[in-house]
2 protein chains.
Amino acid sequence: MRNFEVYETKERVLADNDAAAAEVRSSLEKKKVFLVNLMSSPGAGKTTTLLRTIAALKDTYRIGVMEADVDSDVDARTIADTGVRVIQLHTGGSCHMDADMTKRGLDEMGTDGLDVIFLENVGNLVCPAECDVGAAKRVMILSVPEGDDKPLKYPLMFSVSDVMLINKIDVAPVFDFNFELAEKRAKELNPEIQVFPLSSLKGDGFDAWIAWLKNSIEEWRKQV
Amino acid sequence: MRNFEVYETKERVLADNDAAAAEVRSSLEKKKVFLVNLMSSPGAGKTTTLLRTIAALKDTYRIGVMEADVDSDVDARTIADTGVRVIQLHTGGSCHMDADMTKRGLDEMGTDGLDVIFLENVGNLVCPAECDVGAAKRVMILSVPEGDDKPLKYPLMFSVSDVMLINKIDVAPVFDFNFELAEKRAKELNPEIQVFPLSSLKGDGFDAWIAWLKNSIEEWRKQV
């Protein structure tokens with residue numbers, strides 16, 4: 001018989017995180033605040049996507065943004081220019097946001113008077129996928145320059161996301177990216193995933209994503 | 001007084017890793033095997049860069065490649081077609097290679113009869129930067145579509161790397177990427193970093209990187 005506790009660090013951390021995420025989710029449902037966890041590789045276009053999404057939604061909803069980065073506040077400055085409420089979260093070297101960090105970020109920013117909050121996660125296709133932060137929806141961006149093989153290499157991200165935005169379609173002519181194949185590979189992992197090819201820089205394809213997002217917010221508000 | 005041990009997981013893990021990395025490095029120096037740790041975001045062009053680098057070096061050196069991925073073996077298949085020795089490492093969900101995983105990969109592949117080994121790390125700008133694997137040189141790729149602001153957001157990667165390859169210069173005309181600014185930002189973090197803009201797909205700029213690499217291998221061989 002063991003006379004000591006065996007502490008399975010990673011499993012325990014993830015179990016603790018799931019409990020914290022459930023608390024965040026339940027608390028936001030009570031307040032009717034819709035949280036989106038936005039994830040992608042570095043440079044796939046999270047901030048540009050947010051800017052255009054905010055522009056499309058801000059007459060309908062009161063929006064807040066939490067910008068998570070290992071360092072710097074360049075994205076928070078950019079978002080602040082839109083006039084929405086924004087907070088910069090530094091993850092202290094951590095490569096992803098967890099539920100407890102999200103809760104502290106929400107407490108610090110304040111959720112009163114907000115309808116929709118976007119969490120721009122750290123640019124990383126691996127670790128953020130493992131960590132439920134308590135969001136209503138998980139949205140990931142795959143950008144055309146990254147290649148259509150990413151679902152094969154980073155399967156968890158595509159498995160856990162509600163939406164895959166295929167961004168930077170405006171530069172598709174100079175890349176060898178197979179849209180059908182990317183969608184097929186993502187749907188093999190996650191048949192329910194919604195796929196929207198778009199250009200956050202130019203605006204092409206954006207309407208379908210915004211329509212889906214508005215509809216999701218409204219459906220969610222009826223249920224909570 | 002405490003009657004139990006306090007185990008600082010992360011610090012202990014990193015201290016253990018440094019010791020393991022020192023062992024890997026010392027063992028490879030004895031065998032005169034030059035190990036390159038190749039790191040980048042997903043889709044920045046690690047495999048394409050490796051293919052062209054192998055083509056340029058394989059008449060001079062006997063080359064091995066370790067392909068690290070969370071899942072899949074697509075890159076190992078591509079590399080195997082070049083005829084060099086290659087092994088696929090699955091990281092079991094881990095978002096980066098550590099020194100112990102590298103040691104086990106080297107043991108499994110075998111280093112006898114090799115002069116140069118490339119470790120293609122997991123696509124990630126955060127975690128691989130924290131983990132010394134015992135390589136002679138650390139090489140990171142920033143691709144043009146990711147943007148020139150990445151040194152601000154992921155500073156550690158730029159701080160610990162010996163080389164920054166700025167890849168995909170062939171598509172620079174369709175992106176708003178400031179080469180001087182990217183280099184300035186990287187050098188503010190790491191004045192010694194070598195910067196080579198190139199296109200691994202088309203070959204532009206590749207000669208300077210290959211010349212630097214060959215020279216580094218020869219200098220290293222004289223010292224060890």
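Let me sum up the structure you'll find in this document.

What counts as what
- Residues numbered from 1 in each chain as written.
- Chains lettered and ligands numbered in written order.
- Predicted model: local features only at pLDDT ≥ 70, side-chain atom pairs only at ≥ 80, totals over all residues.
- Heavy atoms only, no water.
- Phe/Tyr/Trp six-rings, centres within 6.5 Å; stacked < 30°, edge-to-face > 60°.
- Helix = DSSP H or I, 4+ residues; strand = E, 2+ residues; numbered from the N terminus.
- Buried < 20%, exposed > 50% of the residue type's maximum accessible area, 1.4 Å probe, protein only.
- Pairing = 2+ DSSP bridges.
- Axes fitted to C-alpha atoms, helices over the stretch in contact; angles between N-to-C directions.
- Contact = heavy atoms within 4.5 Å.
- Salt bridge = Lys/Arg side-chain N within 4 Å of Asp/Glu carboxyl O.
- Lys, Arg positive; Asp, Glu negative; His and termini not counted.
- Polar contact = N/O pair within 3.5 Å; in protein donor to acceptor, adjacent residues only side chain to side chain.

### As for the packing of aromatic side chains
Residues and elements named next belong to chain A.
Here comes step 1: For the structure shown, the criterion picks out nine aromatic pairs over all chains.
Here comes step 2: Taken together, a centroid distance of 5.3 Å and an interplanar angle of 85 degrees make the contact between phenylalanine 34 and tryptophan 220 edge-to-face. With phenylalanine 34 in strand β1 (residues 34-40) and tryptophan 220 in helix α9 (residues 206-223), the pair connects residues that are 186 residues apart, well separated along the chain.
Here comes step 3: Both rings, one in tryptophan 209 and one in tryptophan 212, keep their centres 6.1 Å apart while their planes meet at 15 degrees; by these two values the pair is stacked. In this pair, tryptophan 209 and tryptophan 212 both sit in helix α9, three residues apart, roughly one turn of the helix. You'll find tryptophan 209 and tryptophan 212 in the same group, each marked buried.
Here comes step 4: Taken together through their ring pairs, the aromatic side chains of Phe196, Trp209 and Trp212 make up a single cluster.

### Section: the sheet that holds strand β1 (residues 34-40) of chain B
Residue and element names in this part refer to chain B.
Here comes step 1: An order of β3-β2-β4-β1-β5-β6-β7 is seen for the seven strands of this open sheet, with the pairing classed as parallel. The strands lining the two open edges of the sheet, one partner per strand, are β3 (85-90) and β7 (194-197). In this sheet, neighbouring strand axes are inclined to one another by 20 degrees on average, regardless of whether the strands run parallel or antiparallel.
Here comes step 2: Where strand β5 (residues 137-143) and strand β6 (residues 163-167) come together, five bridges link them in parallel fashion. Residue leucine 142 lies in a different strand from β6, and its bridge partner there is isoleucine 166.
Here comes step 3: Contacts between helix α2 (residues 46-57) and the sheet are confined to β1, β2 (63-69), β4 (116-120), β5 and β6, with β4 contributing the most and set at about 170 degrees to the helix.

### A closer look at unusual backbone geometry
Here comes step 1: A positive phi is found at lysine 168 of chain A, a non-glycine position, where the angle reads about 70 degrees.
Here comes step 2: If you trace the backbone, lysine 168 of chain A turns up in the loop between β6 (163-167) and α8 (179-189).

### Some points on the pairing of strand β5 (residues 137-143) of chain A
Residues and elements named next belong to chain A.
Here comes step 1: Here β5 lies mainly inside the structure; six of its seven residues are buried.
Here comes step 2: As paired elements, β1 and β5 share five bridges and run parallel to each other. Residue pairing in the sheet places serine 40 in a bridge with isoleucine 141 of β5.

### Overview of the pattern of salt bridges
Pairing is possible between side chains of opposite charge, provided their charged atoms come close.
Here comes step 1: Across all of its chains, the model carries 26 salt bridges over all chains by this definition.
Here comes step 2: Ionic pairing is found between arginine 221 of chain A and aspartate 115 of chain A, a salt bridge with its closest N-O pair at 4.0 Å. Here aspartate 115 of chain A lies in the loop between α4 (99-109) and β4 (116-120) and arginine 221 of chain A lies in helix α9, a separation of 106 residues in the sequence.
Here comes step 3: A relative accessible area of 25% places arginine 221 of chain A in the partly exposed class.
Here comes step 4: We classify aspartate 115 of chain A as buried; its relative accessible area is 10%.
Here comes step 5: Each of Asp75 of chain A together with Asp149, Lys150 and Lys153 of chain B takes part in a single network of salt bridges with overlapping partners.

### Observations regarding the side chain of glutamate 146 of chain B
Here comes step 1: Mapped onto the elements of the fold, glutamate 146 of chain B is located in the loop between β5 and α6 (150-153).
Here comes step 2: In this structure, glutamate 146 of chain B is buried with no salt-bridge partner, the nearest side chain bearing the opposite charge being lysine 150 of chain B at 6.5 Å.
Here comes step 3: Looking at glutamate 146 of chain B, its side chain comes within polar contact range of the side chain of serine 143 of chain B, at 2.6 Å.
Here comes step 4: When near neighbours in sequence (up to four residues on either side) are disregarded, glutamate 146 of chain B contacts Pro42 and Gly43 of chain A together with Ser41, Ala44, Leu125 and Ile141 of chain B.

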